[in-house]
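Chain by chain, the residues run as shown.
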Amino acid sequence: MSDNFWNSVINVNLRAPQVLTQSRLDAGKLHDNSRVVLIASISGIAGNMGQTNYPVSKAGVIGLVQAWAPVLAKRGISINAVAPDFIETQMTAVIPFTIREASRRMNSMNQGGLPQDVAEAVAWFAQPKSGALTGQVLRVCGQSLIGA
């Protein structure tokens, strides 16, 4: 893998959330009792064959959440991550049928998730009453066998 390809994925998936969150903190835009929700992936928990940079970047997001949680908690700020698995989108629709179908069946629900499932998980972490939760990774995966 070229350095440019490696760095582009690391920069988008790991460096951007780190820089954006830090800049919000430095600028005083993350007020006490705020909620920060980052997007990880099951790949960050279990890896992904043939695609090292993506799982590394998403594992890094999980590391950011866990490292920042005790620091931000001093101000009542919670930070958590949502880790989707196979989600039915236009991008996954172009995956060859057999691979797509196998991905759907590798969880106890035998189906892919929907974008709304991820959005609802993010919204749950973002609500004011979720403040007791910090440093957590919520898997949106239908009890996937991957990373179990």
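In this text the structure is predicted, and so the values were computed from the model without any measurement.

Undergrad: Explain the overall build of the protein chain to me, please; I cannot follow it from the model alone.
TA: The helix and strand tally for the protein chain stands at six helices and three strands. When the helices and strands of the protein chain are read in sequence order from the N terminus, they spell out α-β-α-α-β-α-α-α-β. Counting across all 148 residues of the protein chain, residues that qualify as buried make up 36%. Taking all contacts inside the protein chain whose residues are at least 6 apart in sequence as the whole, residues at least 24 apart take part in 73%. Accessible surface for the protein chain amounts to roughly 8700 Å². Of this, 58% is attributable to carbon and sulfur atoms.

Undergrad: I would appreciate a short explanation of the packing of aromatic side chains in the present structure.
TA: Two measures describe an aromatic ring pair: the distance that separates the ring centres and the angle between the ring planes. Under the definition given, this model contains one aromatic pair. Judged by centre distance (5.2 Å) and plane angle (45°), the ring pair of tryptophan 124 and phenylalanine 125 falls under tilted. Its relative accessible area of 41% is what places tryptophan 124 among the partly exposed residues. Overall, the relative accessible area of 2% leaves phenylalanine 125 in the buried class.

Basis of the calculations
- Residues numbered from 1 in each chain as written.
- Predicted model: local features only at pLDDT ≥ 70, side-chain atom pairs only at ≥ 80, totals over all residues.
- Heavy atoms only, no water.
- Helix = DSSP H or I, 4+ residues; strand = E, 2+ residues; numbered from the N terminus.
- Buried < 20%, exposed > 50% of the residue type's maximum accessible area, 1.4 Å probe, protein only.
- Contact = heavy atoms within 4.5 Å.
- Areas by Shrake-Rupley, 256 points an atom, 1.4 Å probe, with all protein chains shown as cover.
- Phe/Tyr/Trp six-rings, centres within 6.5 Å; stacked < 30°, edge-to-face > 60°.

It is worth stressing that arrangement in space is one thing and function is another; only the former is reported here.
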